[in-house]
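# Chains, contacts and geometry: an overview
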Amino acid sequence: MISQRIPRLGAFNIWRTAARHLLAHEIPPEQIMWFDDDTQSELFSETSVETAESVTVAKVPRQFLDVASKVVAHKSHDRFARLYKLLWRLRTEPDLLNNPVDADVSSLCGMVKNVSRDCHKMKAFVRFREFPVEADRRCFGAWFEPEHFIVELTGSFFANRFADMDWIISTPKGVSRFADGFLSFHPPDGNRHLAADHTEDLWRTYYANIFNPARLKIKAMQSEMPKKYWKNLPEAALIPDLVANAEKRVQSMREQAATQPSLELARIKAPTVKRPDVGDGAFMSIESLNKAARNCTRCALHCHATQTVCGEGSRGAKVMFVGEQPGDHEDIAGKPFVGPAGQIFHEALRLAHIDRKEVYLTNAVKHFKFTTRGKRRIHARPNQSEIQLCKWWLQREVELIKPELIVALGSTAVLALTGEGGSIKTRRGRTEQSSFGLPILVANHPSAILRNPEKADELRQMFYADIASVDSFSTIHSG
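Remember, predicted model here, so these are calculated numbers, not experimental data. (Residues numbered from 1 in each chain as written. Predicted model: local features only at pLDDT ≥ 70, side-chain atom pairs only at ≥ 80, totals over all residues. Heavy atoms only, no water.)

## Quick word on the pattern of salt bridges
By the definition in use, this model includes 21 salt bridges. Residue R62 pairs with D66 through a salt bridge whose shortest N-O separation is 3.7 Å. Remark: D66 and R62 occur in helix 2 (residues 62-71); sequence separation between them is four residues, near one turn of the helix. Under the relative-accessibility criterion, D66 is labelled partly exposed at 38%. Close ionic contact of E312 with K335 constitutes a salt bridge, the shortest N to O distance being 3.5 Å. (Salt bridge = Lys/Arg side-chain N within 4 Å of Asp/Glu carboxyl O. Helix = DSSP H or I, 4+ residues; strand = E, 2+ residues; numbered from the N terminus. Buried < 20%, exposed > 50% of the residue type's maximum accessible area, 1.4 Å probe, protein only.)

## Regarding the side chain of D36
Mapped onto the secondary structure, D36 falls in strand 2 (residues 32-36). D36 sits in the buried class, given a relative accessible area of 4%. When residues no more than four places from it in sequence are discounted, the contact partners of D36 are I6, H77, R79 and F80. (Contact = heavy atoms within 4.5 Å.)

## Topic: the sheet that holds strand 9 (residues 319-323)
A sheet is described by the order of its strands in space; here six strands give the open sequence 8-10-9-13-15-14, paired in mixed fashion. Unpaired on one side and paired on the other, strand 8 (312-313) and strand 14 (431-433) mark the two borders of the sheet. Pairing geometry for strand 14 and strand 15 (residues 439-443), over three bridges, is antiparallel. Looking at strand 15, one finds that Q433 is bridged to P439. (Pairing = 2+ DSSP bridges.)

## Describing the confidence of the model for the protein chain
Chain-level pLDDT for the protein chain is 85 on average; 88% of the residues reach the 70-or-more range. Taken element by element, the protein chain is modelled with least confidence in helix 10 (residues 263-269), mean pLDDT 58, and with most confidence in strand 10 (residues 360-363), mean pLDDT 96. Low pLDDT, under 50, characterises residues 41-45; the predicted model gives this stretch five contacts beyond four residues in sequence or across chains. Low pLDDT, under 50, characterises residues 276-281; the predicted model gives this stretch seven contacts beyond four residues in sequence or across chains. (pLDDT = per-residue confidence, 0-100.)

## Points about the packing of helix 4 (residues 103-125) against helix 5 (residues 151-161)
Running from amino to carboxyl end, helix 4 crosses helix 5 at an angle of 35 degrees, the nearest separation of the two axes being 10 Å. You can see that helix 4 and helix 5 cross each other, and the crossing is right-handed. In contact with V115, C119, M122 and K123 of helix 4, helix 5 contributes L153, T154, F157 and F158. In terms of residue class, the contact of helix 4 with helix 5 is made up of six nonpolar, one polar and one charged. (Axes fitted to C-alpha atoms, helices over the stretch in contact; angles between N-to-C directions. Left-handed = near helix turned anticlockwise from the far one by under 90°. Nonpolar A, V, L, I, M, F, W, Y, C, P; charged D, E, K, R; others polar.)

## Here's the deal with unusual backbone geometry
Positive phi outside glycine occurs at D180, with the angle close to 55 degrees. Positionally, D180 belongs in the loop between strand 6 (174-179) and strand 7 (182-186). A positive phi is found at F337, a non-glycine position, where the angle reads about 60 degrees. Looking at the element boundaries, F337 is found in the loop between helix 12 (328-333) and helix 13 (340-351). Here F337 falls in the buried class, since its relative accessible area comes to 5%.

## Focus: the environment of L216
Take L216: it is sitting in the loop between helix 6 (199-210) and helix 7 (218-224). Residues in contact with L216, not counting those within four places in the same chain, are F211, M221, V243 and A246.

## Here's the deal with helix 11 (residues 286-293)
Taken together, the buried positions of helix 11 are occupied by I286, L289, N290, A292 and A293. An end-on view of helix 11 places all buried positions within 160 degrees of arc, on one side of the element. In this fold, the buried residues of helix 11 make contact with strand 10 and helix 14 (384-401). (Arc of directions from axis to C-beta.)

## Things to note about the packing of aromatic side chains
Within the structure shown, the criterion is met by 19 aromatic pairs. Ring centres of W392 and W393 lie 4.8 Å apart, and the angle between their planes is 90 degrees; on these two criteria the pair is classed as edge-to-face. The residues W392 and W393 share a single accessibility class, namely buried. Of the aromatic side chains, those joined through ring pairs into one cluster are W15, W34, F64, F80, Y84 and W88. In this structure, K123 packs its charged tip against the face of F157, placed 4.9 Å from the ring centre. Sitting over the face of the ring of F370, R377 holds its NZ or CZ atom 4.9 Å from the ring centroid. (Phe/Tyr/Trp six-rings, centres within 6.5 Å; stacked < 30°, edge-to-face > 60°. Lys NZ or Arg CZ within 6 Å of the ring centre and 35° of its normal.)

## What about the nonpolar core?
Counting residues in hydrophobic clusters, the biggest one holds 35 residues, and the most contacted among them are M320, V322, W393, I406 and L417. For this core, the secondary structure elements donating two or more residues are helix 11, strand 9, helix 14, strand 13 (405-409), helix 15 (411-418) and strand 15. Of all the elements, helix 14 adds the most residues to this core, at eight residues. Once you skip the residues sitting within four places of it in the chain, I406 turns out to touch M320, V322, V398, L417, L438, P439, I440 and L441. Counting 30 residues, the second largest nonpolar core, distinct from the first, contains W34, L83, L96 and M111. (Core = buried A, V, L, I, M, F, W, Y, C linked by side-chain atoms within 4.5 Å.)

## With respect to the side chain of S176
Summarising the element assignment, S176 is placed in strand 6. Among residues more than four places away in sequence, those in contact with S176 are V151, W167, I168, I169, S184 and F185.

## Focus: the packing of helix 14 against helix 15
Viewed as axis vectors pointing N to C, helix 14 and helix 15 meet at an angle of 65 degrees, and their least axial separation amounts to 9 Å. Note on packing geometry: the crossing formed by helix 14 with helix 15 is right-handed. Between helix 14 and helix 15, the residues in contact are Q384, I387, K391 and L394 and T412, L415, A416 and L417, respectively. Class assignment of the residues belonging to the contact of helix 14 with helix 15 gives a composition of five nonpolar, two polar and one charged.

Next up, the structure:
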């Protein structure tokens, strides 16, 4: 019988080295007696296997090492024996870890889960107190009582999170210390390393004020923060009274609730359509129309957009290009077709020999509609109500510009101009009649090229062809 001792600190690396030697010498699990610092070992003497100069070490899945690093931190005295038994079986059963119903695999997975949960609790419930020391770096201490030997597993987490200070975390199972940027681990010394911290009174005041009795769920709270951790949390002393008085505080909150209608209710009762204060006949020019549009509140899009993006171009243009809505770049600049899609559009005008100064550019919807994704604002399609409300402005642009042809770029523009939505795949390149009594040429929006990189070349050529088909209007061609 071989006896193998694994100390508490550095257990994973020591067990790994020992297991390699034992496996290389083909020592079966039943011939090995594993014990740790807490195991009574007076009845047997420790023996070891000499390391051969050249041995073949079996390869194991990376998954096993991840499992082993946590299992060796478990409090069970037979954790090392269980691990070695699994390692022994992996020699002939390489896919063993993929069988969750296997008794050995299931047992170790349960141990991994327990250790991982303990690590999570330690990261959540460690509370530091500052030591009054005169040094360049502030120094803090904390006491925690984990179930398992997780001091080494959590050390790097605290070192990364609190790298700007020196600290020591004491537990009954070991001590982690971070000083001058160096992390070290030590046996338990019985010292809690705690000092009086007057800021805890401030923390308790803050905790009592943010405690929401209306959302109190005692079982869920105790499941996430078991009572065994309460004694080391400064706010825990407040919890019994906060729970006992929760119903009274909820009733008090009800009595003090505001009596005026909510903002959401006010919006529901507000008129659906808000028209500008100025009448239709007051718009004698595009300038006066755009001035009124900058204060448009006909739909909710104005609440989040940076500004109204009005049309621009020749006041006597024979051709009006109507896009869908401003994009992120247009919303910031306040001008239509200045973003990536606008660059493609202007390239199409150049290839078609169309003078940009001789046409009029605008959008069916004047405000940028978007959703946020991180720090980015992503285009969102306007709904039919928003398109219909903004059509009021588009109609007056058409009345003032009096174009001979309108080019509708994209489905939103086609819907605004004809009242018919749906895909424009079969309609592009065709001339239709708008609800304003003018002919419109249906074309894709240049943003379609950006949204479909796998078909970009094909869509680009189709778009160039659509713009080039405007050549019957010779007055817009550049020399």
